[in-house]
Amino acid sequence: MLTFIGLGLYDERSITVEGQEALRNADRAYAEFYTSNLIGTTVDDLEAHHDVDIEVRDRAGVEQHPEDILAAAEAENVAFLTAGDTMISTTHVDLRLRAHERGIETRVIHGVTAQTATSALTGLQNYRFGKATTLPFPYAHGADGLPASVTRTIDDNREDGLHTVVYLDIKVDNDAATNRLEGDETVEEYMTADVAADLLAEEYPDLVGVVVARAGSPDPLVEADTMTALAKREFGDPLHLLVVPGDCHLLEADALVELAGVDRADLDVV
């Protein structure tokens, strides 16, 4: 069997009880942390807490060369770990389908996602979110200004009155993937919310953004202001994301005023 397990948002304790039991009962465990990361832990701490050995794979080792993972799952119970909720914002459905083609049974054990945590922390209602987008580092997309994928998503959602989650870029040196939870700044880079707001302010200087930092940790942060104002602040350790509110229900507006410190006059309230 190949069991996909979401580890949750922050550290070795963020996994569900069901996921923990499946991981501890696995014969072999693999993980990837290029999609997202558990900022509050290390690979060593994960292994010690769950009493397992974990082989961390880079992107190529999962998406292009998964043969050894599949071969192991033909004979053993294999766990495949990701931060957040497994299969969310990943291409691992391909790995699951390859397993099915080989007659390997698969199972999915969910974890908490940044999307659901963002809704809970901000008070914005989950069903009022539209399509999400990812803001890349400027050097990553190689064009001037914001990528059209970002502006189009924000503009389309706002036209429909919907909120937009803007995920912020993560860059990992695949050659050092086995160390990617060890805090080595030379092998990983996280876009922070002030950098993202500065980029977005070029197109949307007066648009309200809501920063969500360290969701799932003991000290999450939620702050809202215009993009221009957010670009001048610091929000502490990663991971960060931004929300662009659309039309706000009265209760949503109350939540953003109380929980995020926004000026109600800056919101579109319906």
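An unreviewed UniProt entry annotates the chain as Diphthine synthase of Natronorubrum sulfidifaciens JCM 14089. According to the UniProt record, the Function (unreviewed entry) comment for the chain is "S-adenosyl-L-methionine-dependent methyltransferase that catalyzes the trimethylation of the amino group of the modified target histidine residue in translation elongation factor 2 (EF-2), to form an intermediate called diphthine. The three successive methylation reactions represent the second step of diphthamide biosynthesis." In its Subunit (unreviewed entry) section, UniProt records this for the chain: "Homodimer."

Moving on, we get to the overall build of the chain. What the chain contains, in helices and strands, is 11 helices and 14 strands. At 19 Å, the chain has a C-alpha radius of gyration in line with the 18 Å of a compact globule built from 270 residues. Principal-axis analysis of the C-alpha atoms places the extent of the chain at approximately 60 × 40 × 35 Å. Taking all 270 residues of the chain together, 50% fall into the buried category. The long-range fraction of contacts in the chain, counting pairs at least 24 apart against all pairs at least 6 apart in sequence, stands at 72%. Of the roughly 12,500 Å² of accessible surface on the chain, a fraction of 45% belongs to carbon and sulfur atoms.

Another point: the nonpolar core. Judged by nonpolar contacts, the single largest core of 24 residues is most densely connected at Leu135, Ile154, Leu200, Met227 and Leu242. Broken down by element, this core gets its largest block of residues, six residues, from helix H9 (residues 193-201). Once residues lying within four places of it in the same chain are set aside, the contact partners of Met227 are Ala197, Leu200, Ala201, Tyr204, Pro205, Leu207, Val208, Gly209, Leu242 and Val244.

Time to look at the UniProt feature "binding site: S-adenosyl-L-methionine" (unreviewed entry) in the chain. Per the UniProt record, "binding site: S-adenosyl-L-methionine" (unreviewed entry) is found at Leu9, Asp85, Ile88, Thr113, Ala114, Leu168, Ala215 and His240. Here Leu9 lies in the loop between strand E1 (2-6) and helix H1 (17-24). On the accessibility criterion, Asp85 (11% relative accessible area) is buried. Among residues more than four places away in sequence, those in contact with Asp85 are Gly6, His110, Gly111, Val112 and Thr113. Polar side-chain contacts of Asp85 include one of 3.0 Å to the side chain of His110.

On the surface, Asp155, Asp156, Glu159, Asp160, Asp198, Glu202 and Glu203 cluster together to form a negatively charged patch. Here Asp155 is to be found in helix H8 (residues 148-159). A relative accessible area of 36% places Asp155 in the partly exposed class.

The subject of this paragraph is the sheet that holds strand E7 (residues 164-168). Ordered by their spatial adjacency, five strands build an open sheet running E6-E7-E12-E10-E11, and the pairing between neighbours is mixed. Strands at the two margins of the open sheet, each flanked by one partner only, are strand E6 (133-135) and strand E11 (221-226). Taking the axes of each pair of neighbouring strands and ignoring which way they run, one obtains an average angle of 25° across the sheet. Direction of pairing for strand E10 (residues 208-213) relative to E11: antiparallel, over a ladder of six bridges.

The five strands are arranged E3-E2-E4-E1-E5 in an open sheet whose pairing can be described as parallel. Two strands close off the open sheet at either side, each with one partner strand: strand E3 (54-56) and strand E5 (106-109). Along the sheet, successive strands turn relative to each other by an average axial angle of 20°, direction set aside. Both strand E2 (residues 28-31) and E3 contribute to a ladder of three bridges, which runs parallel. Bridging from a neighbouring strand, Ala29 pairs with Ile54 of E3.

Another aspect to go through is the environment of Glu258. Checked against the element boundaries, Glu258 lands in helix H11 (residues 250-260). Glu258 gets classed as exposed once you look at its relative accessible area, which sits at 65%. As for Glu258 and Leu162, which are separated by 96 residues in sequence, their C-alpha atoms are 21 Å apart.

Cut-offs applied
Residues numbered from 1 in each chain as written. Predicted model: local features only at pLDDT ≥ 70, side-chain atom pairs only at ≥ 80, totals over all residues. Heavy atoms only, no water. UniProt positions renumbered as here; feature names shortened; annotations may be inferred. Helix = DSSP H or I, 4+ residues; strand = E, 2+ residues; numbered from the N terminus. Rg over C-alpha atoms; globule rule 2.2 N^0.38 Å. Buried < 20%, exposed > 50% of the residue type's maximum accessible area, 1.4 Å probe, protein only. Contact = heavy atoms within 4.5 Å. Areas by Shrake-Rupley, 256 points an atom, 1.4 Å probe, with all protein chains shown as cover. Core = buried A, V, L, I, M, F, W, Y, C linked by side-chain atoms within 4.5 Å. Polar contact = N/O pair within 3.5 Å; in protein donor to acceptor, adjacent residues only side chain to side chain. Patch = residues over 30% accessible without salt bridge, like charges linked within 9 Å, V, L, I, M, F, W, Y side chains within 5 Å. Salt bridge = Lys/Arg side-chain N within 4 Å of Asp/Glu carboxyl O. Lys, Arg positive; Asp, Glu negative; His and termini not counted. Charge placed at Lys NZ, Arg CZ, Asp CG, Glu CD. Pairing = 2+ DSSP bridges. Axes fitted to C-alpha atoms, helices over the stretch in contact; angles between N-to-C directions.

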